[in-house]
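The chain contents come next:
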Amino acid sequence: ETPCGEIYNVGSGNQYSIEDVIRTSSMVSKIKPDVIYNKIFSRSFDPYVWVADISKVRNTFNWFPKISFVDGVKKNFEWFNNNLHRYNIDTVNT
């Protein structure tokens, strides 16, 4: 029987930085953003690791990610470009 009311983390199980996301998005979209990075020092209560623990969903449902991070970004970019009409945008600069 499927558990009712349970909470599951769904993700890749890998950590990606904002810089990773920007770099991958730039590669996929061929858009070179002008990014300014500022170092913000961690506070004592900031988590060092930002990774979804997918063990519960994997163990309960035998679920695991099937799409890599890069392929997921590609699919999102393609979907967005194919659905620009939903956002009142005519074109994306590529």
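Right above here is the structure, for reference.
These numbers come from a predicted model, not from an experiment. (Residues numbered from 1 in each chain as written. Predicted model: local features only at pLDDT ≥ 70, side-chain atom pairs only at ≥ 80, totals over all residues. Heavy atoms only, no water.)

### Observations regarding the packing of aromatic side chains
Part 1 of the reasoning: Inspection of the entire model under this criterion finds four aromatic pairs.
Part 2 of the reasoning: For the pair Y16 and F69, a centre-to-centre distance of 3.9 Å together with 10 degrees between the ring planes defines the contact as stacked. With Y16 in the segment before α1 (18-29) and F69 in helix α3 (residues 69-82), this pair connects stretches of sequence that are 53 residues apart.
Part 3 of the reasoning: Overall, F69 belongs to the partly exposed group, its relative accessible area being 22%.
Part 4 of the reasoning: Look at W79 and Y87: their rings are 6.4 Å apart centre to centre, the planes differ by 80 degrees, and that puts the pair in the edge-to-face class.
Part 5 of the reasoning: Judged by relative accessible area, W79 falls into the partly exposed class, the value being 42%.
Part 6 of the reasoning: Of the residues examined, Y87 reaches a relative accessible area of 40% and is grouped as partly exposed.
Part 7 of the reasoning: An aromatic cluster of at least three residues, connected via ring pairs, comprises W79, F80 and Y87. (Phe/Tyr/Trp six-rings, centres within 6.5 Å; stacked < 30°, edge-to-face > 60°. Helix = DSSP H or I, 4+ residues; strand = E, 2+ residues; numbered from the N terminus. Buried < 20%, exposed > 50% of the residue type's maximum accessible area, 1.4 Å probe, protein only.)

### Observations concerning α3
Part 1 of the reasoning: Taking 1.5 Å of rise per residue, 14 residues should cover 20 Å, and α3 covers 20 Å from first to last C-alpha, within 8% of that figure.
Part 2 of the reasoning: Among the structural elements, α1 are those in contact with the buried residues of α3. (Expected span 1.5 Å × (residues − 1). Contact = heavy atoms within 4.5 Å.)

### A short note on the packing of α1 against α3
The geometry of a pair of packed helices is captured by two quantities: the angle between their axes and the separation between those axes.
Part 1 of the reasoning: Two elements in contact, α1 and α3, have axes separated by 10 Å at closest approach and are oriented at 55 degrees. What the angle tells us is that α1 and α3 run oblique. At the point where α1 passes α3, the crossing takes the right-handed sense. Counting all contacts with α1, which are made through D20, V21, T24, S25, M27, V28 and S29, the residues of α3 involved are F69, V70, V73, K74 and F77.
Part 2 of the reasoning: For the contact of α1 with α3, the per-class residue count stands at seven nonpolar, three polar and two charged. (Axes fitted to C-alpha atoms, helices over the stretch in contact; angles between N-to-C directions. Parallel < 35°, antiparallel > 145°, perpendicular 65-115°, else oblique. Left-handed = near helix turned anticlockwise from the far one by under 90°. Nonpolar A, V, L, I, M, F, W, Y, C, P; charged D, E, K, R; others polar.)

### Observations regarding the pattern of salt bridges
Part 1 of the reasoning: Applying the stated criterion to the full structure yields four salt bridges.
Part 2 of the reasoning: Ionic pairing is found between D20 and R23, a salt bridge with its closest N-O pair at 3.4 Å. Of the two residues, D20 and R23 are both situated in helix α1; the distance of three residues between them amounts to about one turn of the helix.
Part 3 of the reasoning: With relative accessibility at 22%, the residue D20 sits in the partly exposed group.
Part 4 of the reasoning: In this structure, a network of salt bridges that share partners links the residues E19, D20 and R23. (Salt bridge = Lys/Arg side-chain N within 4 Å of Asp/Glu carboxyl O.)

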